[in-house]
Amino acid sequence: MEEVLDRFLIRIIFAIFVCLILFLYRYLHFVIYPKGVKQISTPFNLMSNLPNSLHYLSRILGMVILFSFVEFNRFFTLEMSLIHLFLLAIVLMISYLISIHLMEMIVLYKFNYKDEILKNQNLSYSLIIFSLNISVAFLLKTVMLKSNDSLIIFITLWLYVMTLLGLAGKLFIYYSKFQFNRAISQKNFGVAFSFLFYILGNTYILVKAFDQPQIEKYSYMLRIFFKCFSSCLFIPFFIFFIKFIFSLRIKKNELNQLLIDPNKSVNFGVAEGLIFLISAYITSWIVYNINLSGLFSIL
Amino acid sequence: MNKLLFYFLSTLLFLTLSKLLAPDNISLEYIKTPNDLKKIIKLAPASAILEKTMKKGYLIKTYYQKYRILYAYRPPREIIVRTKRRLAEKSSKYLGMSLFRIDEDKNINTIPMPPGYLMTGNKKYGRWVLQNQTYYWKFYQTYRRLPKYFGWGAFSPDREFYLKAKEHEKAGKPFSGLNKEFGAEGSITSKFLPHKQSSSLYNRIKFGNLFKNYFKTNYN
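Residues numbered from 1 in each chain as written. Chains lettered and ligands numbered in written order. Predicted model: local features only at pLDDT ≥ 70, side-chain atom pairs only at ≥ 80, totals over all residues. Heavy atoms only, no water.

Engineer: Please clarify how the environment of glycine 169 of chain A should be interpreted in this entry.
Structural biologist: Residue and element names in this part refer to chain A. Considering the arrangement of structural elements, one finds glycine 169 in helix H7 (residues 151-170). The sequence separation of glycine 169 and tyrosine 198 amounts to 29 residues, and the corresponding C-alpha distance is 8.7 Å. Beyond its immediate stretch of four places on either side in the chain, glycine 169 contacts Val107, Phe195 and Ile199. (Helix = DSSP H or I, 4+ residues; strand = E, 2+ residues; numbered from the N terminus. Contact = heavy atoms within 4.5 Å.)

Engineer: Hey, could you run me through a nonpolar patch on the surface in this one?
Structural biologist: Residue and element names in this part refer to chain A. Among the surface-exposed residues, Phe234, Phe237, Phe240, Phe241, Phe244, Ile245, Phe246 and Leu248 lie close enough to one another that they form a single nonpolar patch of about 820 Å² accessible area. Mapped onto the secondary structure, leucine 248 falls in the loop between helix H11 (217-245) and helix H12 (252-255). Look at leucine 248 and you get partly exposed, because its relative accessible area is 36%. (Patch = residues over 30% accessible without salt bridge, like charges linked within 9 Å, V, L, I, M, F, W, Y side chains within 5 Å. Areas by Shrake-Rupley, 256 points an atom, 1.4 Å probe, with all protein chains shown as cover. Salt bridge = Lys/Arg side-chain N within 4 Å of Asp/Glu carboxyl O. Buried < 20%, exposed > 50% of the residue type's maximum accessible area, 1.4 Å probe, protein only.)

Engineer: It is not clear to me how unusual backbone geometry should be interpreted in this structure. Could you clarify?
Structural biologist: Most peptide bonds are trans, and most residues other than glycine sit at a negative phi. The omega angle of the peptide bond from alanine 44 of chain B to proline 45 of chain B is -5°, so this bond is cis rather than trans. Take proline 45 of chain B: it is sitting in the loop between strand S1 (30-31) and strand S2 (46-56). Positive phi, normally seen in glycine, also occurs at glutamine 121 of chain A, with a value near 50°. Here glutamine 121 of chain A lies in the loop between helix H5 (113-119) and helix H6 (123-146). Phi at lysine 180 of chain B takes a positive value of approximately 55°, unusual for a residue other than glycine.

Engineer: Which parts of the structure should I look at to understand the packing of aromatic side chains?
Structural biologist: Centre-to-centre distance and the angle between the planes together describe a pair of aromatic rings. Enumeration over the complete set of coordinates arrives at 38 aromatic pairs over all chains. Between the aromatic rings of phenylalanine 210 of chain A and tyrosine 220 of chain A, the centroid separation amounts to 6.4 Å while the plane-to-plane angle is 85°, which identifies the pairing as edge-to-face. Linking phenylalanine 210 of chain A in helix H10 (residues 189-210) with tyrosine 220 of chain A in helix H11, this pair joins segments that are 10 residues apart in sequence. Like phenylalanine 210 of chain A, the residue tyrosine 220 of chain A is buried in the burial classification. Ring geometry for tyrosine 73 of chain B versus tyrosine 125 of chain B: centroids 6.4 Å apart, planes at 45°, classification tilted. One end of the pair, tyrosine 73 of chain B, is in the loop between strand S3 (62-71) and strand S4 (77-83); the other, tyrosine 125 of chain B, is in the loop between strand S6 (108-109) and strand S7 (126-131), and 52 residues separate them in sequence. Tyrosine 125 of chain B sits in the buried class, given a relative accessible area of 1%. An aromatic cluster is built from Trp128, Trp137, Phe139, Phe150, Trp152, Phe155, Phe161, Tyr162, Phe175 and Phe182 of chain B, whose rings are joined through pairwise contacts. Geometry around tyrosine 71 of chain B places arginine 74 of chain B over its ring, the cationic atom sitting 5.9 Å from the centre. (Phe/Tyr/Trp six-rings, centres within 6.5 Å; stacked < 30°, edge-to-face > 60°. Lys NZ or Arg CZ within 6 Å of the ring centre and 35° of its normal.)

Here you go:
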């Protein structure tokens, strides 16, 4: 009975600890991201502004996803473990907030939080932010797992993954038929759905690229680069053949109505994004799950 | 059309970068002839003994060779190089033999010869000893480990072996021993080569055998 109670109490201590971390995150969020001061300075009304709620809650969700990989094993004392987790949480929070700030600067450089969320209540904009927050969380989680508790390795891989994700975000305009900035400013949902699936597909590929055994840093990073490059070559191939095999067609006159007709734009955005996501999943199978190394035959 | 051209150029760029930077290829030297081993073997005297010839790939094969580099004054080392198909196939019959030798005067010889030929007959490393009316080569105590590295086992070259090898070398012909002791089919090579040539699991799995085994296991 004592042991059961002991374990239960430790879990309660950890639950309180996580709540403290989240409380700290709330204020750290304000320090690194001063634009969102209204989100924390006053009680947040979830019913007043849907884009704002999505924007705010997606950041909390991202942080929780990021924190979910942290493991606790009773090798050390409870105090030692809590200090370790605290330091880890600080590093994760800072890197996560800087990352999402960077991604917004890269992808949504023409927009700002005040105008789009508080004034215009642009749900399309907040959906894109939501997708970026989730993507960054999953990628940081992978990088943290691969950095073997080394801050230098973590910073190197973090910068690397941010560059690759930023590049992927920038390349969206070459993939999509939507005029990205114009569509967002017109609150077009199609572009938001298309971007959501597009960035999730890219995140999946990047997570798979980073999730390989690393022995030597140079060769590991080079391998990631080549895996991503070969993915870039296979994705258009699959996009073309998926459209061809399943006879997915769009009439040319309907394509011109993308920015005018909201229903058609959502329809098109979802289709465009999902085709990318399907292609990304098949590509990841081709690039990552077919292991061609190590088969030597002797002459 | 522009998209196709861009895709083609991207593929070309990917293949070029992979060729230039791929971690798998960076550390391996490429040799077209055994003479190219001089890029790797900088110290003399030394001899390169072919230990293994391997190939990798499903549709387009890449060929590799494993050499044991033997020096007179330092421990041996093993290297793996990439090579051409022609050289890999041609030299696979000279397994366990010396395909590259560089003497003290930096003269290079690439005629396939028995291992240890470079040091046999050189009075710096040993002497001829008379046993049962035949002269056999014996290394000095300092070099007593060399026969083990050569994969000789109990073999000691006699005078006739040495002279015959010299004759072949002058004529530019490979020499695998008086009774073909060395090479892929050689009795000494197959017995004493440090890493004996054996077919891998990959080679042993045959499509027909898979079905045979399946029926044997399930229906017998």
